[in-house]
Amino acid sequence: MSGAVKGPVLILGAGSDIARACARAFAARGCAIQLAARDPARLEADRADLETRYGVAVSLHAVDALEVESHEDVVARLPDLPMVAICAVGLMGDQDENAGDMRRAALVFRSNFEGPASLLGVLANRMEARGSGTIVGISSVAGERGRASNYIYGSAKAGFTAYLSGLRNRLAGRGVHVVTVLPGFVATKMTEGMDLPGPLLAQPDEVGRAILAAVEKGRDVIHVRRIWRLVMAVIKAIPEGIFKKTSI
Amino acid sequence: MTRLSGWGRFRPVETRVAKARGEADVAAALAGGPLIARGNGRAYGDSAVSPGLTLDMRGMDRMLSFDPVRGVLVAEAGVLLADVIAAFLPRGWFPAVTPGTKFVSLGGAIAADVHGKNHHLDGGFGAFVDWVEVMGADGKIARAEAGSDLFDWTVGGMGLTGVILRAQIRLRPVETGWIVQDMRATQTLAATIDMMEATNDAPYSVAWLDCVTQGAMMGRGLVMLGRHARLEDLPREKRRKPFATPKKPVLRLPVDLPAAALNGVTRRVFNAGYYWNGRRKPGPRLVDWDSYFYPLDAILDWNRGYGRAGFVQFQCALPQEAARPGMAALLGAIAASGEASVLSVLKRFGAERGRFSFPMAGYTLALDFPANDRSLKLMERLDAITLDHGGRFYLAKDARMPRAVMEAADPRVAAFRAMRERSGAAGLFVSAQSERLGL
């Protein structure tokens, strides 16, 4: 799929910084926007913002990514089946706490893999039946290789990345396209307080623009900043015997 | 802890930084001790860095409502003027007052009561604000309506009355995205001021001064007048899309230039070249809004051009009756020092408003110098000349003024301090600048 993007655009996990940037990028193209989050009342200001800036229609929807049983209903109740569905749901937590308490780890697994996979799976099935649509999953470079500093979150994202890849394979030729986004570091609430190198750190609006461009051009897998492709190629090429002794 | 400075990159301050995404974050930050709100960091000095917490307001950047009949916008403090222009110029509205960069936040524009090329007729940014919502020392949100005490202290109050959360502003209806600019070269300072007096009814008016040339030609310059182009001012082919202006490439300055790059020689060459280039094309012509109002925005990181040590701005206002001798004395001191400001801008101010705003009826002169011992010495001399002529200083530009100079220049300081004590703002809303100046 390529050319002018069509709405409505559904944004799951709409309260995040990246989600806000995505909503603005697509609304600037004139797309109607559906914002979905656990507590949609908190999205009123974002709705007003999108309507005021871009004059597009915006609707708010309640969705809990962890309540998998509800997902068929949530999607069925949307005013329109979206043309583009972007999943920005995720939870990082603290690696040491996650590793020390498997209940926390399970929450991270479910928030980054099970929930997003379920929501996008429901949407993908309906888009496939319609024969059109784009699914965008925001995964992470952390899923490219497990590291001591981030492997709970990273392994959930690895699952999500593999899921998106399989979904893309399944739907190729069925009119539905799947974009995998591996953003690298982004200046958001999640990374606040971390000391991250400037050239590797993207701003949320860069991510929003990159996702819009990927949807318009029908790209499969994107890194927001190109340098991440190189960084991850190096990290993935290190032999395991050496890698296990490093702290990256 | 982070090292943070204003746009001039002069003397960074060690500060903690937190980002506010909603008013709950502001309230939480307030509970943690002294802070100052920061918008997009375009104040040149230390107005928006705190020795305590610097609260980044860019996360509160939502537009909340717009009345398309009256051009009234309600928005959060972190919205940039660039966002306002992007959203509303295509619908025929433009900021009623704009400073020389579109990358200022709404909160910052109100806190500094920024002025534009139309101050002589329209007043400052605050003249087009209907109300401001401010979170005070008690953590409560007050809506200050125009004309109220809190409003008059907050507009121009440099964020020292509380954290500006939201505001309602009035935009200006325009028919096109173009400006009819009329450039006129002058031979002397007196002629420059004469020209500005004679053209006082021009909606926009500003003069660039050559501050290198000494003697009789001192203060020669280019007076740049402007008005929003009407539809009939545009050539026929532009009338169908009157708000479409050429998209300018965004340039970046990816590295700090060596401090020597903008040295005496290059500044001299620049001043002479700018003058003669301007003289070659006098008279009215059409200029797009971006080139007219924001020429420096074309290079995103232009502040890196001064090298690592950064640069320092000097901007004073002189009352009308003292403007001619005062400006002559200031330019004389600069020329005699051998320093040259890269850009020297002279502007007519209209009547004073608010209780702590910078503008006063008269003239203002803005200068910038690379930060070094010689220029800092020169600025002490300029401080003294300003005081001798009954002038005052622009806090959004200041990075180095001693407390005694501020107190001598501005008798309003005592009342400002008393207000801050009464409201509880004194210990809580603190910038490096407010500490330096004892505000």
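Definitions and limits used
Residues numbered from 1 in each chain as written. Chains lettered and ligands numbered in written order. Predicted model: local features only at pLDDT ≥ 70, side-chain atom pairs only at ≥ 80, totals over all residues. Helix = DSSP H or I, 4+ residues; strand = E, 2+ residues; numbered from the N terminus. Buried ≥ 20, exposed ≤ 12 C-beta atoms within 10 Å, placed from the backbone. Rg over C-alpha atoms; globule rule 2.2 N^0.38 Å. Contact = placed C-beta atoms within 7 Å. Core = buried A, V, L, I, M, F, W, Y, C linked by C-beta atoms within 7 Å. Domains from an automatic or database assignment. Axes fitted to C-alpha atoms, helices over the stretch in contact; angles between N-to-C directions. Parallel < 35°, antiparallel > 145°, perpendicular 65-115°, else oblique. Left-handed = near helix turned anticlockwise from the far one by under 90°. Nonpolar A, V, L, I, M, F, W, Y, C, P; charged D, E, K, R; others polar. Pairing = 2+ DSSP bridges. Right-handed = clockwise from strand over helix to strand, strands pointing away. Arc of directions from axis to C-beta.

### Concerning the overall build of chain A
Step number 1: Tallying secondary structure elements over chain A gives nine helices and nine strands in all.
Step number 2: Taken across its 248 residues, chain A has 44% of its residues classed as buried.

### What to know about the overall build of chain B
Step number 1: On a plain count of helices and strands, chain B comes out with 14 helices and 18 strands.
Step number 2: On C-alpha atoms alone, chain B measures out to a radius of gyration of 21 Å, which is about the 22 Å that the 2.2 N^0.38 rule sets for 439 residues.
Step number 3: Dimensions of chain B, computed from C-alpha atoms along their principal axes, come out at roughly 60 × 55 × 45 Å.
Step number 4: For chain B, restricting intrachain contacts to residue pairs at least 6 apart in sequence, the fraction spanning at least 24 positions comes to 74%.

### Section: unusual backbone geometry
Step number 1: Across the junction of A:G7 and A:P8, the peptide omega takes the value -5°, indicating a cis bond.
Step number 2: Position of A:P8 relative to the elements: it lies in the segment before β1 (9–12).
Step number 3: Residue B:D113 is not a glycine yet carries a positive backbone phi of 40°.
Step number 4: By the secondary structure assignment, B:D113 is in the loop between α3 (106–111) and α4 (119–122).

### Some points on the nonpolar core
Step number 1: Ranked by internal contacts, the top residues of the largest apolar core, which has 119 residues, are B:L55, B:I110, B:I164, B:A167 and B:M327.
Step number 2: Two domains each provide a minimum of three residues to this core, namely domain 1 (59–175) and domain 2 (178–243 + 254–400) of chain B.
Step number 3: Counting residues in each nonpolar core, the second largest holds 72 residues, with A:A23, A:A25, A:M92 and A:I138 among its members.

### Some thoughts on the packing of helix α1 (residues 17–27) of chain A against helix α7 (residues 204–217) of chain A
All names here are of chain A.
Step number 1: Contact pair α1 / α7: the axes reach a minimum separation of 8 Å and the direction vectors enclose 50°. In terms of axis orientation, α1 runs oblique to α7. Here the hand of the crossing between α1 and α7 comes out right-handed. Residues D17, I18, R20, A21, C22, R24, A25 and F26 of α1 form the contact with α7, whose own contacting residues are P204, D205, V207, G208, R209, I211 and L212.
Step number 2: When grouped by side-chain class, the residues that make up the contact of α1 with α7 number nine nonpolar, one polar and five charged.

### Digging into the interface of chain A and chain B
Step number 1: Taken residue by residue, the interface counts seven residues in chain A and seven residues in chain B.
Step number 2: Residues belonging to the side of chain A that touches chain B are distributed by class as follows: two nonpolar, one polar and four charged.

### Let's talk about the pairing of strand β5 (residues 133–138) of chain A
Residue and element names in this part refer to chain A.
Step number 1: Along β5, six of the six residues are buried, which leaves the element largely enclosed by surrounding structure.
Step number 2: On β5, burial covers both faces: G133, I135 and G137 on one face and T134, V136 and I138 on the other are all buried.
Step number 3: Here strand β4 (residues 84–87) pairs with β5 via four bridges, running parallel. Within β5, the residue paired with A85 across the bridge is I135.
Step number 4: For the handedness criterion, the β-α-β arrangement of β5, helix α6 (residues 151–171) and strand β6 (residues 176–182) is classed as right-handed.

### A closer look at the environment of B:A202
Step number 1: Considering the arrangement of structural elements, one finds B:A202 in the loop between α6 (189–198) and β12 (204–209).
Step number 2: For the pair B:A202 and B:D122, spaced 80 residues apart in the sequence, the C-alpha separation amounts to 11 Å.

### Structural notes on the pairing of β4(A)
Residue and element names in this part refer to chain A.
Step number 1: Burial along β4 is two-sided: V84 and I86 and A85 and C87, pointing in opposite directions, are all buried.
Step number 2: In terms of strand pairing, β1 meets β4 through four bridges, oriented parallel. Residue pairing in the sheet places I11 in a bridge with I86 of β4.

### Re the environment of A:L78
All names here are of chain A.
Step number 1: Summarising the element assignment, L78 is placed in the loop between α3 (71–76) and β4.
Step number 2: Considering only alpha carbons, one finds L78 and S59, 19 residues apart in sequence, at a separation of 9.1 Å.
Step number 3: In this structure L78 touches L10, Q34 and H61, once residues within four positions along its chain are discounted.

### Notes on the sheet that holds strand β17 (residues 362–370) of chain B
All names here are of chain B.
Step number 1: Here eight strands make up an open sheet; going across it, the order is β14-β11-β13-β12-β16-β17-β15-β18 and the pairing antiparallel. Each end of this open sheet is capped by a strand with a single partner; those strands are β14 (283–288) and β18 (392–393).
Step number 2: The sheet contacts of helix α10 (residues 323–337) involve β15 (311–319), β16 (345–349) and β17, and relative to β17 the element is tilted by about 10°.

### Regarding the sheet that holds strand β2 (residues 33–37) of chain A
Residues and elements named next belong to chain A.
Step number 1: With respect to topology, seven strands assemble into an open sheet ordered β3-β2-β1-β4-β5-β6-β9, the strand pairing being parallel. In this open sheet, the two strands that pair with only one neighbour each are β3 (58–62) and β9 (221–223). Averaged over all neighbouring strand pairs, the angle between strand axes comes to 20°, with direction disregarded.
Step number 2: As paired elements, β1 and β2 share four bridges and run parallel to each other. Its bridge partner being in β2, L10 is matched across the sheet by Q34.
Step number 3: Helix α5 (residues 102–130) rests against β1, β4, β5 and β6 of the sheet, and its axis sits at about 165° to β5.

### Description of the domain arrangement of chain B
Residue and element names in this part refer to chain B.
Step number 1: Domain boundaries assigned for chain B yield domain 1 (59–175) and domain 2 (178–243 + 254–400).
Step number 2: Taking only C-alpha atoms, the centre of domain 1 and the centre of domain 2 are 24 Å apart.
Step number 3: The interface is formed by 28 residues belonging to domain 1 together with 28 residues belonging to domain 2.
Step number 4: Of the residues forming the side of domain 1 that touches domain 2, the biggest block, three residues, is contributed by α4.
Step number 5: Across the side of domain 1 that touches domain 2, the residue classes break down as 11 nonpolar, 12 polar and five charged.

### Observations regarding helix α1 (residues 23–31) of chain B
Residues and elements named next belong to chain B.
Step number 1: Here α1 has its buried residues at V26, A29 and L30. Down the axis of α1, the sector holding all buried residues measures 100°, keeping them to one side. In this structure, α1 carries A24 and A31 as exposed residues pointing more than 90 degrees from its buried face.
Step number 2: Check the buried side of α1 and you find it contacts β2 (13–19), β3 (35–38), β4 (53–56), β8 (129–135) and β10 (163–173).

### Some thoughts on the environment of A:G173
All names here are of chain A.
Step number 1: Along the chain, the position of G173 falls in the loop between α6 and β6.
Step number 2: Take G173: there are 7 C-beta atoms within 10 Å of it, and that puts it in the exposed class.
Step number 3: Spatially, the C-alpha atoms of G173 and G131 are 9.3 Å apart, while their sequence positions differ by 42 residues.

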